[in-house]
Amino acid sequence: MSDDVILSVVVGSRAYGLDTDASDTDRRGVFVAPTSAFWRLDKPATHRDGPLPEQFSWEVERFCVLALDANPTVLECLWSPLVEVITPTGQRLRDLREAFLSERAHRSFAGYAEAQLRRLDPERPNWKQAMHMIRLLLSGLHLVRHGEPLVGMQEHRERLLAVRRGEVPWDSLIAWRAALSAELAAEPGVLPERPDRERVEEFLVGVREENLPGRGCRP
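Residues numbered from 1 in each chain as written. Predicted model: local features only at pLDDT ≥ 70, side-chain atom pairs only at ≥ 80, totals over all residues. Heavy atoms only, no water.

Caption draft 1: Representation of the environment of Ser-23. Following the sequence through the fold, Ser-23 ends up in the loop between α1 (12-16) and β2 (26-31). In this structure Ser-23 comes out as buried when scored by relative accessible area, which is 10%. Sequence-wise, Ser-23 and Gly-12 are 11 residues apart; in three dimensions their C-alpha atoms are separated by 9.1 Å. With sequence-adjacent residues up to four places away left out, Ser-23 is seen in contact with Ser-13, Arg-14, Leu-18 and Arg-164. Within polar-contact distance, the side chain of Ser-23 engages the backbone nitrogen of Thr-20 at 2.8 Å. (Helix = DSSP H or I, 4+ residues; strand = E, 2+ residues; numbered from the N terminus. Buried < 20%, exposed > 50% of the residue type's maximum accessible area, 1.4 Å probe, protein only. Contact = heavy atoms within 4.5 Å. Polar contact = N/O pair within 3.5 Å; in protein donor to acceptor, adjacent residues only side chain to side chain.)

Written out as structure tokens, the structure is:
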């Protein structure tokens, strides 16, 4: 693991409690580029793959921007129960997670699920993708109702795995999806109208200051 990583978590089926013997281990993380790297014409990468299979990481600023926009994948990183790497800076980021939340989650979770539906072929469905479409709606509905995404899917595990195995008829799947989407659209929820951008920016500025040349600080 690179020494600039502040947070690395397991996401996907293993974090959701939907894993099988054939499941991969999907990892997502956050790293911090040196502050001096932003002084150059060529800016640091906003994301990177690896080094492990199925691993993807965001530079901390990009991560914060996506989280403020209620990106479902990014938000779920902040609630994953399977944390493999966390530094003091990473812990501050996790402690800040409620500051990223807002009513934008209604739009983002519904939009991501709708995009997955459009990619499904009714004649030859990708049942794993169909399962994750439903999981996304369940997670989003829990988020707007309770203020945190539903990561552990144990309550819905058997029904979701039946979708993955192709045992749920297409019409039943679409009806379930429509019911969840309607609930999500109608749910007033508990989330604030806007995220706490000031708190997030204060955190980010602090990270940049800690990583100035000569400060001797590490993430």
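Caption draft 2: Broad picture of the side chain of Arg-135. If you trace the backbone, Arg-135 turns up in helix α6 (residues 127-146). In this structure Arg-135 comes out as buried when scored by relative accessible area, which is 6%. Here the side chain of Arg-135 touches Glu-76 through a polar contact of 3.2 Å, side chain to side chain. If we skip the residues at most four places from it in the chain, Arg-135 touches Tyr-16, Leu-18, Glu-76, Met-153 and Leu-160.

Caption draft 3: Region of the structure containing the sheet that holds strand β5 (residues 83-86). Here 5 strands make up an open sheet; going across it, the order is β3-β4-β2-β1-β5 and the pairing mixed. At either margin of the open sheet sits one strand with a lone partner, and together these are β3 (47-49) and β5. Across this sheet, the average inter-strand angle for adjacent strands is 15 degrees, counted without regard to direction. Summarising the sheet, strand β1 (residues 5-11) and β5 pair through 3 bridges and their orientation is antiparallel. When the bridges of β5 are listed, Val-9 appears paired with Val-83. Those strands touched by helix α2 (residues 60-68) are β1, β2 and β4 (55-59), and its axis lies near 90 degrees from that of β4. Strands in contact with helix α4 (residues 88-95) are β1, β2 and β5; relative to β1, the strand with the most contacts, it is inclined by about 55 degrees. (Pairing = 2+ DSSP bridges. Axes fitted to C-alpha atoms, helices over the stretch in contact; angles between N-to-C directions.)

Caption draft 4: Region of the structure containing the packing of helix α5 (residues 104-118) against helix α8 (residues 170-186). The geometry of α5 relative to α8 is characterised by a closest axis approach of 11 Å and an angle of 160 degrees between their N-to-C directions. Put simply, α5 runs roughly antiparallel to α8. Of the two elements, α5 crosses α8, and the hand of that crossing is left-handed. Residues His-106, Phe-109, Ala-110, Glu-114 and Leu-117 of α5 form the contact with α8, whose own contacting residues are Ile-174, Arg-177 and Leu-184. For the contact of α5 with α8, the per-class residue count stands at 5 nonpolar, 1 polar and 2 charged. (Parallel < 35°, antiparallel > 145°, perpendicular 65-115°, else oblique. Left-handed = near helix turned anticlockwise from the far one by under 90°. Nonpolar A, V, L, I, M, F, W, Y, C, P; charged D, E, K, R; others polar.)

Caption draft 5: Layout of the packing of aromatic side chains. If you walk through the whole model with that rule in mind, you get 2 aromatic pairs. Centroid distance Phe-56 to Trp-58: 5.2 Å. Interplanar angle 75 degrees. Geometry classified as edge-to-face. Given a relative accessible area of 8%, Trp-58 falls into the buried group. Grouped by ring-pair contacts, the aromatic residues Phe-56, Trp-58 and Phe-63 constitute a single cluster. Stacked on the ring of Tyr-16, the Lys or Arg Arg-135 has its end atom at 3.9 Å from the ring centre. (Phe/Tyr/Trp six-rings, centres within 6.5 Å; stacked < 30°, edge-to-face > 60°. Lys NZ or Arg CZ within 6 Å of the ring centre and 35° of its normal.)

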